[in-house]
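# Residue-level structure breakdown
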Amino acid sequence: MRLMLYAVLALGALALVLSLLSWVAERRLEALAAPYIASDPARLPEIPVALVLGAAPIGPEGGPNRYFVYRLDAAAALYKAGRVKYLLVSGDNSRAGYDEPTAMRAGLIERGVPAEAIYRDFAGLRTLDSVLRAESVFGQTRLIIVSQRFHLSRAIFLAREQGIEAWGFEARDVARAYSLITELRRYPSALRAFFDVWFDTPARYSGKTIVVGTDPPN
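Throughout what follows, the structure given in this document is the object of discussion. (Residues numbered from 1 in each chain as written. Predicted model: local features only at pLDDT ≥ 70, side-chain atom pairs only at ≥ 80, totals over all residues. Heavy atoms only, no water.)

## Focus: the sheet that holds strand S3 (residues 86-90)
Operational definition: Note: two strands are recorded as paired if DSSP finds a minimum of 2 bridges between them. Strands are runs of DSSP state E lasting at least 2 residues, helices are runs of H or I lasting at least 4, and numbering of each runs from the N terminus. Contacts were defined at the residue level, with two residues in contact if any of their heavy atoms lie within 4.5 Å. Angles here are taken between N-to-C directions and fall from 0 to 180 degrees, while the axes themselves are lines fitted to C-alpha atoms, restricted in helices to the stretch in contact.
Here we have six strands laid out as an open sheet, ordered S1-S6-S5-S2-S3-S4, and parallel in their pairing. Two strands in the sheet have a free side with no partner beyond their single neighbour: strand S1 (37-38) and strand S4 (118-121). Where strand S5 (residues 142-147) lies against strand S6 (residues 165-170), six bridges are found, and the strand directions are parallel. Counterpart to Val146 in the pairing with S6 is Phe169. Against the sheet, helix H2 (residues 66-80) touches strand S2 (49-53), S3, S5 and S6, its axis set at about 140° to S5. Docked against the sheet, helix H4 (residues 127-136) engages S2, S3, S4 and S5, running at close to 160° with respect to S2.

## Side note on the pattern of salt bridges
Under the convention used in this document: Think of a salt bridge as a Lys or Arg side-chain nitrogen and an Asp or Glu carboxyl oxygen that are within 4 Å of each other.
Applying the stated rule across the entire model yields nine salt bridges. For Glu165, the salt bridge goes to Arg142, with nearest N and O atoms at 3.1 Å. Taken as a pair, Glu165 in strand S6 and Arg142 in strand S5 lie far apart in primary sequence, 23 residues in all. Each of Glu30, Arg149 and Glu170 takes part in salt bridges that share partners, so that together they form one network.

## So, the packing of H2 against helix H3 (residues 100-110)
Threshold: Our angle categories are set so that under 35 degrees counts as roughly parallel, over 145 as roughly antiparallel, 65 to 115 as roughly perpendicular, and the remainder as oblique. Two helices that cross are described as forming a left-handed crossing if the nearer one is turned anticlockwise from the farther one by less than a right angle, and a right-handed crossing if clockwise. Amino acids are sorted into nonpolar (Ala, Val, Leu, Ile, Met, Phe, Trp, Tyr, Cys and Pro), charged (Asp, Glu, Lys and Arg) and polar (every other residue, Gly among them).
Running from amino to carboxyl end, H2 crosses H3 at an angle of 55°, the nearest separation of the two axes being 10 Å. Taken together, H2 and H3 sit at an angle that is classed as oblique. The two elements H2 and H3 cross, and the hand of that crossing is right-handed. In this structure, H2 uses Phe68, Leu72, Ala75 and Ala76 to contact H3, whose residues at the interface are Glu100, Ala103, Met104, Gly107 and Leu108. Within the contact of H2 with H3, the residues separate by chemical class into seven nonpolar, one polar and one charged.

## With respect to a nonpolar patch on the surface
Quick note on the threshold: Distance thresholds for patches are 9 Å for like charges and 5 Å for nonpolar side chains (Val, Leu, Ile, Met, Phe, Trp, Tyr), applied to residues having over 30% relative accessible area and no salt bridge. Here the accessible surface of atoms and residues is derived via Shrake-Rupley with a 1.4 Å probe, and residues count as covered only by protein chains that are part of the display.
Together, Leu20, Trp23 and Val24 make up an exposed nonpolar region whose accessible area comes to about 310 Å². Along the chain, the position of Val24 falls in helix H1 (residues 2-33).

## Quick word on the nonpolar core
Which entries qualify depends on this criterion: Buried residues of nine kinds, namely Ala, Val, Leu, Ile, Met, Phe, Trp, Tyr and Cys, make up a nonpolar core once their side-chain atoms join them within 4.5 Å. Working definition: with a 1.4 Å probe on protein chains only, accessible area under 20% of the residue-type maximum means buried, over 50% means exposed, and in between means partly exposed.
Ranked by size, the top nonpolar core spans 24 residues in total, and within it Leu78, Leu87, Leu108, Ile144 and Val146 carry the most contacts. Counting residues per element, the ones that place at least two in this core are S2, H2, S3, H3 and S5. Considering each element in turn, this core owes the most residues, six residues, to H2. Dropping the residues within four chain positions of it, Leu78 is found in contact with Pro41, Leu44, Ala50, Arg83, Val84, Ile144, Val146 and Phe169. By size, the runner-up hydrophobic cluster in this structure holds 21 residues, among which are Ala33, Ile37, Ile156 and Val212.

## With respect to the side chain of Ser22
Within the element layout of this structure, Ser22 appears in helix H1. For Ser22, a relative accessible area of 7% gives the class buried. Ignoring anything within four residues of it in the chain, the contact list for Ser22 reads Tyr187, Pro188, Ala190 and Leu191.

## Describing unusual backbone geometry
Of all residues except glycine, most have a negative phi; of all peptide bonds, most are trans. For Asp200, which is not a glycine, the phi torsion comes out positive at approximately 55°. Tracing the backbone shows Asp200 in the segment after helix H7 (186-198). For Asp200, a relative accessible area of 61% translates into the label exposed.

## Concerning the pairing of S5
Definition in use: By convention a crossover is right-handed if, when the strands point away from the viewer, the path from the first strand over the helix to the second runs clockwise.
Most of S5 is tucked away: five of the six residues are buried. Both S2 and S5 contribute to a ladder of three bridges, which runs parallel. When the bridges of S5 are listed, Ala50 appears paired with Ile144. Regarding the hand of the β-α-β motif, the stretch spanning S5, helix H5 (residues 149-161) and S6 is right-handed.

See below:
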């Protein structure tokens, strides 16, 4: 019985330490990325390509995912402001019938972005994959990344640690998160970003090189 109590206390202490480290990691990412994030396109440099980070098109309530919608709104605004020439939409297409990049392209076309300006990365299974593949597969060493601010902080950190000159265009945030898990997941994700950098985690998939602006959109 006493051993079980010690085990429970040890697990509780470990959970507390990990929670604290995750909070510190998230705060640190925010501080590191803040100088590179803007909500006004005019405050960003002109860079050929913007990386638009994916999300599920349909939210847990069954309607359009507001994170997804606001990212597309921001990406279209950035394109129309003339800060970028091409949009690289990166998301998950790892199972049949689920295709974030194609849904993103369709949404951008609805917003007035021409199809020939949109490239798709079908293996952006998580933020690290999207960032690493933007360089290794699509050849980009300078990027504007589009997402909500909490997500941009992590993406910009990962990109700049990779040697990519990354900036962030802030999409509108969701005023009320879908769930507590949705709200809190940013903290362990921030801690994981540091581990990915420290251990040089590779992208899950490589692929044939696609030169944005030279090769036809996929």
